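Summary of structural features
What follows is the residue order along each chain.
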Amino acid sequence: MKKITILLLVLVISLSSFSVLHKFYVSVTQVEYNEEQKSLQIISRIFIDDLEEALRKRYDESITLDAEITHSNVDEYIKRYLRQKLTIAVNGTDVSFNYIGKEYENDLILCYLEIENVPFLEEIKVSNQILIGIFEEQQNIVHIKKGKHRKSLFLEKEKEEGVLKFSE
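Summarised in this report is the structure supplied together with it. (Residues numbered from 1 in each chain as written. Predicted model: local features only at pLDDT ≥ 70, side-chain atom pairs only at ≥ 80, totals over all residues. Heavy atoms only, no water.)

Quick look at the sheet that holds strand S3 (residues 86-90)
Picture the strands of a sheet paired through backbone hydrogen bonds; they go either parallel or antiparallel. Put simply, the rule is: When DSSP finds at least two bridges between two strands, those strands are taken to pair. In DSSP terms, a helix is any run of H or I states spanning at least four residues, a strand is any run of E spanning at least two, and both are numbered starting from the N terminus. Working convention: axes come from line fits to C-alpha atoms, limited for helices to the stretch in contact. Angles between N-to-C directions cover 0 to 180 degrees.
Judged by pairing direction, the sheet is antiparallel, and its four strands sit side by side in the order S4-S3-S7-S10 without closing on themselves. Two strands lie at the open edges of the sheet, namely strand S4 (93-95) and strand S10 (161-165), each paired on one side alone. Averaged over all pairs of adjacent strands, the angle between strand axes in this sheet comes to 25°, irrespective of strand direction. Bridge count for S3 against strand S7 (residues 123-128) is five bridges, and the pairing is antiparallel. Residue pairing across strands places isoleucine 88 opposite valine 126, the latter belonging to S7.

As structure tokens, then:
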């Protein structure tokens, strides 16, 4: 009985130390079609430390993403990075988004975006390369909601874009 207890204890310690060593690289982007406003409202949730690393490598090694510290170019860097890494086509036409702002939530940064003048949504093509060039294991999940319909894309290296169709 004592040997089984020791074996279980060793197994639990081994598994818990493995989870500390293995980091999960994921972002989640929610796109919701607002029929009344004729717009796509977008929230991208990205781990702060991962986005910070990407911005440091691309733009400024001294940048810090922290709600308590204000870095003068953070919003401009985030907007530029997202415009390079997140592209959307609606009904076969490339569209650009407005960067609304950001918010910190625990270890995540929430980036708010909006695409205006979308009279209807039948098809959406999303290319999401956020952090894919930085982390080999990066996975980007995109949830798209139109009315009661919700569809999702699972994007990663070698499959960075997908198309979803909505029919009435």
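Now that the structure is up, let's keep going.
Some words on helix H3 (residues 74-85)
Using the following cut-off: A helix is expected to span 1.5 Å for every residue after the first. Using a 1.4 Å probe on the protein chains alone, a residue whose accessible area is under 20% of its type maximum counts as buried, one over 50% counts as exposed, and one in between counts as partly exposed. By definition, the arc is the one covered by directions from the helix axis to the C-beta atoms. Contacts: residue pairs with any heavy atoms within 4.5 Å of one another.
With 12 residues, H3 extends 16 Å between its outermost C-alpha atoms, agreeing within 8% with the 16 Å of an ideal straight helix rising 1.5 Å per residue. Within H3 the residues assigned to the buried category are Val74, Tyr77, Ile78, Tyr81, Leu82 and Lys85. Projection of H3 onto a plane perpendicular to its axis shows the buried side chains occupying an angular sector of 125°, all on one side. Each element contacted by the buried residues of H3 is listed here: strand S2 (39-47), helix H2 (48-58), S3, strand S5 (98-105), strand S6 (108-115) and S7.

Things to note about unusual backbone geometry
Although it is not a glycine, asparagine 91 sits at a positive phi angle of roughly 55°. Inspection of the secondary structure assignment puts asparagine 91 in the loop between S3 and S4. Residue asparagine 106 is not a glycine yet carries a positive backbone phi of 55°. Residue position: asparagine 106 is located in the loop between S5 and S6.

Concerning the sheet that holds strand S8 (residues 139-146)
Strand order in the open sheet made by the six strands is S5-S6-S2-S1-S8-S9, with mixed pairing throughout. A single partner strand is all that each edge strand has here, and the edge strands are S5 and strand S9 (149-156). On average, adjacent strands in this sheet sit at an angle of 15° to one another, irrespective of strand direction. Across eight bridges, the pairing between S2 and S6 is antiparallel. Note that in S6 the partner of isoleucine 42 across the bridge is leucine 113. Packed onto the sheet, H2 meets S2, S5 and S6 and runs at close to 95° relative to S2. The strands touched by H3 are S2, S5 and S6; relative to S5, the strand with the most contacts, the crossing angle is about 115°.

Thoughts on the packing of aromatic side chains
Test applied: Pairs were defined over the aromatic rings of Phe, Tyr and Trp, the Trp ring being its six-membered one, requiring ring centres within 6.5 Å. Orientation was assigned from the angle between planes: stacked under 30 degrees, edge-to-face over 60, tilted for the rest. By definition, being over a ring means that NZ of Lys or CZ of Arg is both within 6 Å of the ring centre and within 35 degrees of the ring normal.
Evaluation of the coordinates by the stated rule reveals two aromatic pairs. Ring plane angle 15° and centroid distance 4.2 Å describe the contact between tyrosine 25 and phenylalanine 135, whose orientation is recorded as stacked. Taken together, the residues tyrosine 25 in the loop between helix H1 (2-21) and strand S1 (26-34) and phenylalanine 135 in the loop between S7 and S8 connect sequence positions 110 residues apart. Judged on exposure class, the residue tyrosine 25 and its partner phenylalanine 135 are both buried. Centre to centre, the rings of tyrosine 59 and tyrosine 77 are 5.0 Å apart; their planes meet at 5°, and the pair counts as stacked. Linking tyrosine 59 in the loop between H2 and H3 with tyrosine 77 in helix H3, this pair joins segments that are 18 residues apart in sequence. Summarising the burial analysis for this pair, tyrosine 59 and tyrosine 77 share the class buried. When the ring centre of phenylalanine 166 is taken as reference, the NZ or CZ atom of lysine 151 above it lies at 5.1 Å.

Looking at the side chain of serine 44
Rules: Polar contacts, as counted here, are pairs of nitrogen or oxygen atoms within 3.5 Å of one another; within protein the pair requires one atom able to donate a hydrogen and one able to accept it, and residues that are adjacent in sequence qualify only if both atoms are side-chain atoms.
Within the fold, serine 44 resides in strand S2. Note on serine 44: relative accessible area 0%, which makes it buried. Among the polar contacts listed, one links the side chain of serine 44 to the side chain of threonine 29, at a separation of 2.8 Å. Once residues lying within four places of it in the same chain are set aside, the contact partners of serine 44 are Val28, Thr29, Leu86, Ile109, Leu110, Cys111 and Ile130.

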